[in-house]
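Analysis of the macromolecular model
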Amino acid sequence: MVLIRVVLSLGVVVAGVFGYIEVFTKGVDRLPAKVCSGAVDREIAADVLPNTITASERGEKGIAYSNSRGTVFYCYVKTRSQDSILSGEVQINDVTSAKWREVHSEGDQEPREVRAKGVDVITTFDGVSVYVSCTRPDQNGQEPLQSYALIADARTIGDARVTGVELQQRVADFAYQILRHTYQVEECQEGQEFSDALPRFK
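A quick note: this is a predicted structure, and the numbers were derived from the prediction, not measured.

Some thoughts on the state of the cysteines
By definition, a disulfide links the sulfur atoms of two cysteines through a covalent bond. All chains considered together, the criterion is met by two disulfides. Between the sulfur atoms of Cys 36 and its disulfide partner Cys 75 the distance amounts to 2.0 Å. Judged by the sign of its S-S torsion, about 75 degrees, the cystine formed by Cys 36 and Cys 75 is right-handed. In this pair, Cys 36 sits in the loop between β3 (34-35) and β4 (40-41) while Cys 75 sits in strand β6 (residues 70-79), placing the two residues 39 residues apart along the sequence. The exposure class of Cys 36 is buried, given its relative accessible area of 0%. Put simply, Cys 134 and Cys 188 are joined by a disulfide, and their sulfur atoms are 2.0 Å apart. Judged by the sign of its S-S torsion, about -75 degrees, the bond between Cys 134 and Cys 188 is left-handed. Taken as a pair, Cys 134 in the loop between β10 (128-133) and β11 (148-157) and Cys 188 in the segment after α3 (164-185) lie far apart in primary sequence, 54 residues in all. Counting only the cysteines that take part in disulfides, in the order they occur along the chain, gives the pairing 1-2, 3-4.

So, the nonpolar core
In this structure, Leu 150, Ile 178 and Leu 179 are the most contacted members of the largest nonpolar core, which totals 43 residues. At the level of secondary structure, the elements contributing two or more residues to this core comprise α1 (42-48), β6, β7 (85-94), β8 (113-116), β9 (119-123), β10, β11 and α3. Broken down by element, this core gets its largest block of residues, nine residues, from α3. With near-sequence residues (within four places) excluded, Ile 178 lies in contact with Ala 39, Val 40, Phe 73, Cys 75, Gly 88, Glu 89, Val 90 and Ala 152. One finds Val 95, Trp 100, Ala 149 and Ile 151 within the second-largest nonpolar core, a separate group that totals six residues.

Points about the packing of aromatic side chains
According to the stated counting rule, one finds three aromatic pairs in the structure shown. Between Trp 100 and Tyr 131, the ring centres sit 5.3 Å apart and the planes meet at 35 degrees, which makes this aromatic pair tilted. Placement of Trp 100 in helix α2 (residues 97-104) and of Tyr 131 in strand β10 is noted, with a sequence separation of 31 residues between them. Side by side, Trp 100 and Tyr 131 carry an identical accessibility label, which is buried. Within the aromatic cluster, the residues linked to one another by ring pairs are Tyr 176, Tyr 183 and Phe 194.

How each quantity is defined
- Residues numbered from 1 in each chain as written.
- Predicted model: local features only at pLDDT ≥ 70, side-chain atom pairs only at ≥ 80, totals over all residues.
- Heavy atoms only, no water.
- Disulfide = S-S within 2.5 Å.
- Helix = DSSP H or I, 4+ residues; strand = E, 2+ residues; numbered from the N terminus.
- Buried < 20%, exposed > 50% of the residue type's maximum accessible area, 1.4 Å probe, protein only.
- Core = buried A, V, L, I, M, F, W, Y, C linked by side-chain atoms within 4.5 Å.
- Contact = heavy atoms within 4.5 Å.
- Phe/Tyr/Trp six-rings, centres within 6.5 Å; stacked < 30°, edge-to-face > 60°.

This is how it looks when you write it as structure tokens:
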């Protein structure tokens, strides 16, 4: 009698009697240390997404459809079945921090908010939004209607490993990292300094 041993990246071992097999899979823990074109720490996705045999990730710069608006970066990490997804995008907007906060404060639940070195973070009905002032080089000399900004919005779809404020915190960390990455790529003129991590929600 010969033992079959199937070893998954999730630490599962299966035995049988027909031979010996080792199968190595690529779950979230096997993705690059920095996912989405180097924008996000893999551990954030690993903390959020449930155990999975395989996972995929992608981060890509898009094209703004005008000088003041448009998606300029998006990122996702998802399980093989796509039942669970952590995703976000960063946009150039012409909006003040107060107006942005007003829009995201609408709803039945009181949002959580934190601020770190000029970066504002607020929970929304379906995720988290992060705001920072940003004037790109090609916007210098143009008069904004309100205020140039980068805004990152992120959320989860499907099951997650954590819930409540812990999930909101992980999604906020994800949004913050794609925002920080895009800020550097877009060469925002304000010279904003970013903390290594956001304050924790209370």
